[in-house]
Amino acid sequence: FICTHHDVTVFDANGTEIKGTACLAADGKFSPIRHKLALPTREWSYDQIAFVFNVHHTKPHHNFAYEAFLPKGPFASLPTVDPNVSSIIWTVPTKEALPLKEMDDASFCTILNDTFNILGTLTPTTSRWTYPLSGLLVSKPYKERILLLGDAAHAMHPVAGQGLNVGIGDVIALGDLMQRYRKLGLDMGGVTLFREFSKQRRFDVLAMTFTTDHLVRLFSNHSITLNFMRDQGLKIVDRSPLLKRFFTQKAMGKA
Ligand SMILES: Cc1cc2nc3c(=O)[nH]c(=O)nc-3n(C[C@H](O)[C@H](O)[C@H](O)COP(=O)(O)OP(=O)(O)OC[C@H]3O[C@@H](n4cnc5c(N)ncnc54)[C@H](O)[C@@H]3O)c2cc1C
């Protein structure tokens, strides 16, 4: 890409050029554009691997998602349109991932059913995809006429299922801001808008990154005192409709 004072030109893989007032880079966690811009980025590893696959289960899911916070990492089932099929995200420590990945189907199925039994007997219906889990944060996600959005600017652990939601929050905030700038006849692709956007999004992004990071550490901790406090905290939330409502609204991006 080439940036001038007024516009930015991007070249695709075939050399076709696209010119505009701004380049919005939502090219994911491994964002080639972020690397090209050399923006200072904080990255950290959770030393965990997520296995992702679909399962058939003998009991219907009734459109419920489940998450079990196991000592080695969270295990989540997300309902699909088929009442007896869910997507599984099973997090394990990196050192245990390779044997699990290379295990034959029958042994894998046995361990899977020993790990999670809420939905009856589970049978994997797809192959196992693996994702090394890590986080990243770009404190100033813009340069000249290029702005990073979504995972390109902030990637978090999937424990709370919030990565995509935070990215959608970026898009909504940017759309509102661009409309306001357009009405006022201001530059819709410049550093002034990008700076205001980053300021607006900073709290939500930091709060969610901090929350997911601490959830992972809290649930993988082996301290008896901490585990006792965590369990008491969960019981309090479970018994309080007000707190429950607050957390569900927050998770849906409404609070
Ligand atoms: C195991 C796992 C489970 C998750 N579960 C949840 C969940 O339940 N809820 C939730 O909200 N979030 C969840 N997330 C997070 C969510 O997947 C991400 O936050 C979200 O996909 C980020 O969207 P994005 O558009 O920013 O990036 P991506 O989804 O990574 O999309 C980036 C796109 O850019 C494309 N691209 C990259 N480079 C180029 C290029 N040079 N030219 C053209 N295209 C390019 C890529 O092909 C890709 O399609 C999960 C993540 C993982 C790993």
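All residue numbers here refer to positions counted from 1 along the written sequence of the relevant chain. Confidence filtering applies because this is a predicted model: local features only for residues at pLDDT of at least 70, side-chain atom pairs given and counted only at 80 or more, and all residues used for totals across whole chains, interfaces and linings. Water and hydrogen atoms play no part in the side-chain values, which are based on all heavy atoms of the structure.

Let us now look at the site of the ligand. A single heavy atom is enough: if one lies within 4 Å of a molecule or strand, its residue is considered near that molecule or strand. Neighbouring the ligand are 14 residues; Asp 27, Asp 151, Gly 161, Gly 163 and Leu 164 lie closest to it. Between the ligand and the protein, one listed contact pairs a nitrogen atom with a backbone N or O atom of Gly 163 at 3.5 Å. Between the ligand and Leu 164 there is a distance of 2.9 Å, counted from an oxygen atom to a backbone nitrogen or oxygen. Method for areas: the Shrake-Rupley scheme with a 1.4 Å probe, in which residue coverage is limited to the protein chains shown. When the ligand is considered free in solution it has 1000 Å² of accessible area, and contact with the protein chains removes 50% of it. As used in this structure description, the phrase polar contact means that two N or O atoms lie within 3.5 Å; if the pair is within protein, one of them must be able to donate a hydrogen and the other to accept it, and residues adjacent in sequence are counted only when both atoms belong to side chains.

Only protein chains enter the accessibility calculation, which uses a 1.4 Å probe. A residue is then buried if its area is under 20% of the maximum for its type, exposed if over 50%, and partly exposed in between. Only DSSP runs of H or I covering at least 4 residues are called helices, and only runs of E covering at least 2 are called strands; the numbering of each starts at the N terminus. Within the sequence span of helix H3 (residues 105-115), burial applies to Phe 108, Cys 109 and Leu 112. For H3, the angular spread of the buried residues around the axis is 100 degrees, confining them to a single face. Exposed and oriented more than 90 degrees from the buried face of H3 are Ala 106 and Asp 114. Should any heavy atoms of two residues lie within 4.5 Å, those residues are considered in contact. Tucked inside the fold, the buried residues of H3 contact strand E5 (41-57), strand E7 (73-79), strand E8 (85-93), helix H2 (94-102) and strand E9 (122-124). The arc in question is traced by the directions running from the helix axis to the C-beta atoms.

The next thing to look at is the pattern of salt bridges. The working definition used for a salt bridge is a side-chain nitrogen of Lys or Arg within 4 Å of a carboxyl oxygen of Asp or Glu. Taken as a whole and judged by the stated rule, the model has six salt bridges. Of the charged contacts, one joins Arg 128 and Asp 105 as a salt bridge, the two residues approaching to 2.8 Å between their closest N and O atoms. With a gap of 23 residues between them, Arg 128 in the loop between E9 and strand E10 (129-138) and Asp 105 in helix H3 connect regions that are remote in the sequence. Its salt-bridge partner being Arg 201, residue Asp 204 comes within 3.2 Å of it at the nearest N-O pair. Here Arg 201 and Asp 204 lie together in helix H5 (residues 191-219), a separation of three residues that amounts to about one turn. By relative accessible area, Asp 204 is classed as partly exposed at 35%. One connected set of salt bridges, linked through shared partners, spans Asp 170, Arg 201 and Asp 204.

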